[in-house]
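Below are the chains, spelled out letter by letter.
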Amino acid sequence: MQFKDIVGQEEIKQQLIQTVTENRMSHAQLFLSPEGSGSLALAIAYAQYINCLDKSDTDSCGVCSSCRKYERYIHPDLHFSYPFFASKDVRIATDVLDEWRTMLLEDPYVNLDLWRSRLNAENKQANINIAECHDIIKKLSFKAFEAETKVLIIWLPEFLEKEGNSLLKIIEEPPPHTLFVLVAHNQEQILSTLLSRTQIVKIPKLPSATVVAHLCDHYQLDKDIAATYSFLADGNLIEAKAMVVHQQNDNAVLFAEWLRMGYGNRVPDLIGFVEQAAGWGRENQKNFLKYGISFLRECSLLLSGAGALVKLPENVLETAKKLSEKVLDLVMAEAIIQVLEQAHYHIERNANPKILFLDVSLQLVKIIKFKTLPKGTQYIYN
């Protein structure tokens, strides 16, 4: 993994390269970022750059013996630790190392759901257990095989519970030429004892323009469609890519038309829409509802007089303005958002889609046409 293969994050790349060239690398670093920002890929590229035998001022060479092994994740001085589902056959992370390498070779932009799908998770909870902590200490106690620096990348240290305290000594006083890189998304869930021993590198979410450019270049998407996916993913490249794979509908047009059906009390059309939505498949249904929630939140900004903060693509913004001026008010938008969030929750739990979308459609009629709000959504504004 080279820096040039990572989407965006140019400022962070330069910052990491500078720590190497100026020889001021902290031995324990925490890459903290929103999901889908490329933090794991950055950690791998950073480790490869450190150990490259012919690095330039901007990137690793990609052709030396060290880089070739890093590209296949088989370098003997590159170690990974990550959450897994323990069983009698899986005690430590290296027991599922082949699955981990295969996943990264396909795409280093991963999340826990993608990782779970590679493993036999059953109903177990993922964690990084005490046996894994002891294996980390054992691996890092050995001298480096080839590279000048041994690197351990711990993905999602949020799953290190009190067992993580067994790593404190080796993190605080590591063997010579050892680098720890923790890749996390939620600072509050990390052991405070670990946090205090790391240097935090904050990685921002990807700008919408960067995600749009990547989707257009790599998936040959129309710019308007890519802009819609980028808006819905909100900087999460993993979600944006998943939408390219799963999405088959024009959410912007469909959702606006669904609202018009509700406003016009067009019950036969709503029933036809329910039949259509029931056949989309669960991922498409979830994406449609997520789009609706995001769209209505942007409409809420328009209704609140905060139009400068709206991030809707140009082709959708005009529709949002018309709805906000002629149909919706802030209370109605909030009520519909609540209905859609509940629907998304039930879809994730395998609700019958035909019954669910019919129920939501009738609630839209009540809210938009007859201005009858569900209990709990009546607000008094000064």
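For the structure, check the block above.
Model, not experiment: these values are computed from the prediction. (Residues numbered from 1 in each chain as written. Predicted model: local features only at pLDDT ≥ 70, side-chain atom pairs only at ≥ 80, totals over all residues. Heavy atoms only, no water.)

Colleague: What should I look at first to understand a nonpolar patch on the surface in this one?
Modeller: A contiguous nonpolar patch, built from Val267, Ile271, Leu358 and Leu362 and spanning about 300 Å² of accessible area, is present on the exposed surface. Inspection of the secondary structure puts Val267 in helix 13 (residues 267-278). Taking relative accessible area as the criterion, Val267 reaches 34% and is therefore assigned partly exposed. (Patch = residues over 30% accessible without salt bridge, like charges linked within 9 Å, V, L, I, M, F, W, Y side chains within 5 Å. Areas by Shrake-Rupley, 256 points an atom, 1.4 Å probe, with all protein chains shown as cover. Salt bridge = Lys/Arg side-chain N within 4 Å of Asp/Glu carboxyl O. Helix = DSSP H or I, 4+ residues; strand = E, 2+ residues; numbered from the N terminus. Buried < 20%, exposed > 50% of the residue type's maximum accessible area, 1.4 Å probe, protein only.)

Colleague: I'm lost on the packing of aromatic side chains in this one. Help?
Modeller: Two aromatic rings, taken as a pair, are described by how far apart their centres are and by the angle between their planes. Across all of its chains, the model carries 22 aromatic pairs by this definition. Look at Tyr73 and Phe80: their rings are 6.3 Å apart centre to centre, the planes differ by 65°, and that puts the pair in the edge-to-face class. Here Tyr73 matches Phe80 in class, with each residue buried. Look at Trp100 and Trp115: their rings are 5.3 Å apart centre to centre, the planes differ by 85°, and that puts the pair in the edge-to-face class. A residue pair is termed long-range when its members are at least 10 positions apart, and Trp100 in helix 4 (residues 97-106) and Trp115 in helix 5 (residues 112-118) qualify at 15 residues. Looking at Trp100, the relative accessible area reads 0%, which means it is buried. The exposure class assigned to Trp115 is buried, which follows from its relative accessible area of 0%. In this arrangement the basic side chain of Lys55 is found over the ring face of Tyr49, its NZ or CZ atom lying 5.8 Å from the centre. (Phe/Tyr/Trp six-rings, centres within 6.5 Å; stacked < 30°, edge-to-face > 60°. Lys NZ or Arg CZ within 6 Å of the ring centre and 35° of its normal.)

Colleague: Explain the pairing of strand 3 (residues 150-155) here, please?
Modeller: The two faces of the sheet receive side chains in turn, since in a regular strand these alternate between them. Of all 6 residues in strand 3, 6 are buried, a share of seventy percent or more. Here strand 3 shows two buried faces, one formed by Lys150, Leu152 and Ile154 and the other by Val151, Ile153 and Trp155. Sheet analysis places strand 2 (residues 78-81) next to strand 3, joined by 4 bridges and oriented parallel. Residue pairing in the sheet places His79 in a bridge with Leu152 of strand 3. Where strand 3 lies against strand 4 (residues 178-184), 6 bridges are found, and the strand directions are parallel. Of the residues in strand 4, the one forming a bridge with Val151 is Leu179. (Pairing = 2+ DSSP bridges.)

Colleague: Would you explain empty space enclosed by the protein in this entry?
Modeller: Leftover empty space is mapped by rolling, across the atoms, a probe with the size of a water molecule. With the rule as written, the count across this model stands at 1 cavity of 30 Å³ or more. In this structure, the largest cavity occupies an estimated 70 Å³ of space. What lines the largest cavity is Gly36, Ser37, Gly38, Ser39, Leu40, Pro108, Tyr109, Val110, Trp155, Val183, His185 and Ile238. Split into classes, the residues belonging to the lining of the largest cavity amount to 7 nonpolar, 5 polar and no charged. (1 Å grid on protein atoms, 1.4 Å probe; cavity = no way out; pocket = protein on both sides within 12 Å on 5 of 7 lines; lining within 4 Å. Points joined across faces, edges and corners; volume = space filled by probe spheres on them. Nonpolar A, V, L, I, M, F, W, Y, C, P; charged D, E, K, R; others polar.)

Colleague: Looking at this model, I keep getting lost on the nonpolar core. Mind explaining?
Modeller: Across soluble globular proteins, you tend to see nonpolar side chains buried next to one another. In terms of nonpolar packing, the biggest core is built from 103 residues, with Phe31, Trp100, Ile153, Trp258, Phe295 and Phe357 touching the most fellow members. If you tally residues by element for this core, the top one is helix 2 (residues 39-51), at 10 residues. (Core = buried A, V, L, I, M, F, W, Y, C linked by side-chain atoms within 4.5 Å.)

Colleague: Any chance you could explain helix 2 here in plain terms?
Modeller: Side chains that are three or four residues apart share a direction in an α-helix, a result of its 3.6 residues per turn. Compared with the 18 Å implied by 1.5 Å per residue over 13 residues, the 19 Å span of helix 2 between its first and last C-alpha is a close match. For helix 2, the tally of buried residues reaches 13 of 13 residues, placing the bulk of the element in the interior. (Expected span 1.5 Å × (residues − 1).)

Colleague: Even after reading the chapter, I still don't get unusual backbone geometry, so can you show me in this structure?
Modeller: Most peptide bonds adopt trans geometry, and most residues besides glycine take a negative phi value. One non-glycine residue, Asp234, lies in positive phi territory at about 55°. Tracing the backbone shows Asp234 in the loop between helix 10 (223-233) and helix 11 (237-246).

Colleague: Quick question: what am I supposed to make of the environment of Arg68 here?
Modeller: Structurally, Arg68 is set in helix 3 (residues 65-71). Overall, Arg68 belongs to the partly exposed group, its relative accessible area being 45%. Taking the C-alpha atoms as reference points, Arg68 and Ser81, separated by 13 residues in sequence, lie 21 Å from one another. If we ignore the near neighbours within four places in the chain, the residues touching Arg68 are Gly62 and Val63. (Contact = heavy atoms within 4.5 Å.)

Colleague: Before we go on, may I ask you to explain the sheet that holds strand 1 (residues 28-32) in this structure?
Modeller: Where strands meet in a sheet, backbone hydrogen bonds hold them as pairs that are either parallel or antiparallel. In spatial order, the strands read 2-3-4-1-5; together these 5 strands make up an open sheet with parallel pairing. At either end of the open sheet lies a strand with only one pairing partner, and these are strand 2 and strand 5 (199-202). This sheet shows a mean twist of 20° between the axes of neighbouring strands, independent of strand direction. In this fold helix 6 (residues 130-141) packs onto strand 2, strand 3 and strand 4, with an angle of close to 170° to the strand it touches most, strand 2. (Axes fitted to C-alpha atoms, helices over the stretch in contact; angles between N-to-C directions.)

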